[in-house]
Amino acid sequence: MEETAKEKTRLLSPKIDSVFQVLFGEVGSEFITKELLEAILGEEISDVDLSNNPVLRRFYPEDKMGILDVLVRFNNNTTCNIEMQMVNTGEIIERMLFYWAKAFTKNIKKGENYHNLERTIVILILNGEIPKLKDIDFITQYKLIETKERKIILTNLLELDIIEMTKIHRNKGNKDKRKLLDWLYFLENPESKEVVKIMKNNEGVKKAKEKLEEISNDPIMQRIADWKEKYILEMNTTKTDGYNEGLEQGQKLGEINEKKEIAKKLKQENISLELISKTTGLSIEEIKRL
């Protein structure tokens, strides 16, 4: 009976940022997040701290709609921001730099020595491609490096990693990146036959699939994922139509409407007006009128 129930569960897509954040950013997900990071960064990770992430299953964090991230601190000296992005807004590189700068400067308090600054990484997993990276690998890594002769890395404190999901099937036979590809196939389609095979030899992916099944049975996460899917569809449709000015206006309108919809749902959950205001950015008067 249990197997039948699991088969009937519609798994939420881990590419939806709200699902991705709960899957990898929730306290209790340390093992699968560690496994994912090791596959991306190619280095051994000892401890993982996820305590700085909001509890998305109860509240919708105040942020631009469509942009959620996973904040990870690992090995006691590294801060990492992981973003799963479904829509390329055209400002992705600039936003990565902004996120990096914001996280980097949080590592030091006024009056402290610059030696207290820590290695800070931003990882972007994009469900698409970046035009200027068209002819290179599905994963690229960027640091501050001397550009002319010696190619010396100036510092390891800055690192940006970009993964373009639409390129992964072109690299199916890449044995050097097998572990990372296993994770990306899971993100692409966790119900595929390929992922079933991967789970037999990859404990991290197996546990991620089990947690995704649990998330997919959570009514709150089902509602949030539905909202996000509608938002993504609207943004992709607007972008395809090619109205540049309309895209910006439509995106702002979509963000406002989604915030209102979320506020309505939170009111139904008897969440306080003050907390709804804080988590959606709407004023208390706006929320009362809903």
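Bear in mind the structure is a predicted one, so any value in this text is a computation, not a measurement.

A few points about the overall build of the protein chain
Along its length, the protein chain carries eleven helices and six strands. A buried classification covers 46% of the 290 residues belonging to the protein chain. Restricting to contacts in the protein chain with at least 6 residues of sequence separation, those with at least 24 account for 62%. Counting every atom, the protein chain has about 16,300 Å² of accessible surface; 51% of that belongs to carbon and sulfur.

Description of helix 4 (residues 92–105)
Over its 14 residues, helix 4 runs 20 Å from end to end, which matches the ideal 20 Å to within 8%, given 1.5 Å per residue. Of the positions making up helix 4, those classed as buried are Ile92, Arg95, Met96, Tyr99, Trp100, Ala103 and Phe104. Buried residues in helix 4, looked at end-on, bunch into an arc of 165 degrees, giving them a common side. In helix 4, the exposed positions angled more than 90 degrees off the buried face are occupied by Glu94, Phe98 and Thr105.

Digging into the pattern of salt bridges
Evaluation of the coordinates by the stated rule reveals 18 salt bridges. Note that glutamate 38 is salt-bridged to lysine 179, the shortest N-O span being 3.8 Å. Of this pair, glutamate 38 sits in helix 3 (residues 30–41) while lysine 179 is found in helix 5 (residues 178–188), placing the two residues 141 residues apart along the sequence. Given the relative accessible area of 14%, glutamate 38 is considered buried.

Topic: the confidence of the model for the protein chain
For the protein chain, the average pLDDT comes to 83, and 84% of its residues sit at 70 or higher. Averaged pLDDT values over the elements of the protein chain bottom out at 49 in helix 1 (residues 2–8) and peak at 97 in helix 3. Ignoring residues within four places in sequence, the model shows residues 1–6, a span with pLDDT below 50, making one contact including any to other chains. Low confidence marks residues 61–66, where pLDDT is under 50. Its contacts with residues over four positions away, or in another chain, come to 20 contacts.

As for helix 3
The end-to-end C-alpha distance of helix 3, which contains twelve residues, comes to 16 Å, matching closely the 16 Å that a straight helix rising 1.5 Å per residue would cover. For helix 3, a buried count of ten out of twelve residues is recorded, marking the element as mostly surrounded by other parts of the structure. Regarding helix 3, the residues found buried are Ile32, Thr33, Lys34, Glu35, Leu36, Leu37, Glu38, Ala39, Ile40 and Leu41. Trailing helix 3 by a residue or two, glycine 42 shows a phi angle of about 70 degrees, which is positive.

Describing the packing of aromatic side chains
Tallying each qualifying case throughout the model produces five aromatic pairs. Ring geometry for phenylalanine 98 and tyrosine 99: centres 6.4 Å apart, planes at 50 degrees, overall tilted. Chaining the aromatic ring pairs together yields one cluster made of Phe20, Phe24, Trp183 and Phe186.

Re the sheet that holds strand 6 (residues 153–164)
Spatially, six strands are ordered 1-2-3-4-6-5 in an open sheet, and the strand pairing comes out mixed. A strand with exactly one partner marks an edge of an open sheet, and here the two such strands are strand 1 (48–49) and strand 5 (139–145). With eight bridges joining them, strand 3 (residues 78–85) and strand 4 (residues 119–126) adopt parallel strand pairing. Note on strand 4: the bridge partner recorded for isoleucine 82 is isoleucine 123.

Side note on unusual backbone geometry
One non-glycine residue, asparagine 75, lies in positive phi territory at about 55 degrees. Its relative accessible area of 21% is what places asparagine 75 among the partly exposed residues. Of note, the phi angle at asparagine 76 is positive, near 65 degrees, even though the residue is not glycine. Secondary-structure assignment places asparagine 76 in the loop between strand 2 (69–74) and strand 3.

Conventions we followed
- Along every chain, residues carry numbers that run from 1 in the direction the sequence is written.
- In keeping with the model being predicted, local features are shown solely for residues with a pLDDT of at least 70 and side-chain atom pairs are shown and tallied solely at 80 or more, while totals for entire chains, interfaces and linings include all residues.
- Only heavy atoms go into the side-chain values, all of them from the structure, while hydrogens and water stay out.
- Only DSSP runs of H or I with at least four residues qualify as helices, and only runs of E with at least two residues qualify as strands; both kinds are numbered from the N terminus onward.
- Accessibility here uses a 1.4 Å probe with only protein chains present; expressed as a share of the type maximum, an area under 20% marks a residue as buried, one over 50% as exposed, and anything in between as partly exposed.
- Contacts between residues were defined by any pair of non-hydrogen atoms, one from each residue, lying within 4.5 Å.
- Method for areas: the Shrake-Rupley scheme with a 1.4 Å probe, in which residue coverage is limited to the protein chains shown.
- Helix span is expected to be 1.5 Å times the residue number reduced by one.
- Arc definition: directions from the helix axis to the C-beta atoms.
- Any Lys or Arg side-chain nitrogen located within 4 Å of an Asp or Glu carboxyl oxygen qualifies as a salt bridge.
- The pLDDT value expresses, per residue, how confident the predictor is, ranging between 0 and 100.
- Two rings from Phe, Tyr or Trp (for Trp, the six-membered ring) form a pair when their centres are within 6.5 Å of each other. A pair whose planes differ by under 30 degrees is stacked, one over 60 is edge-to-face, and the rest are tilted.
- At least two bridges found by DSSP between two strands are what make those strands a pair.

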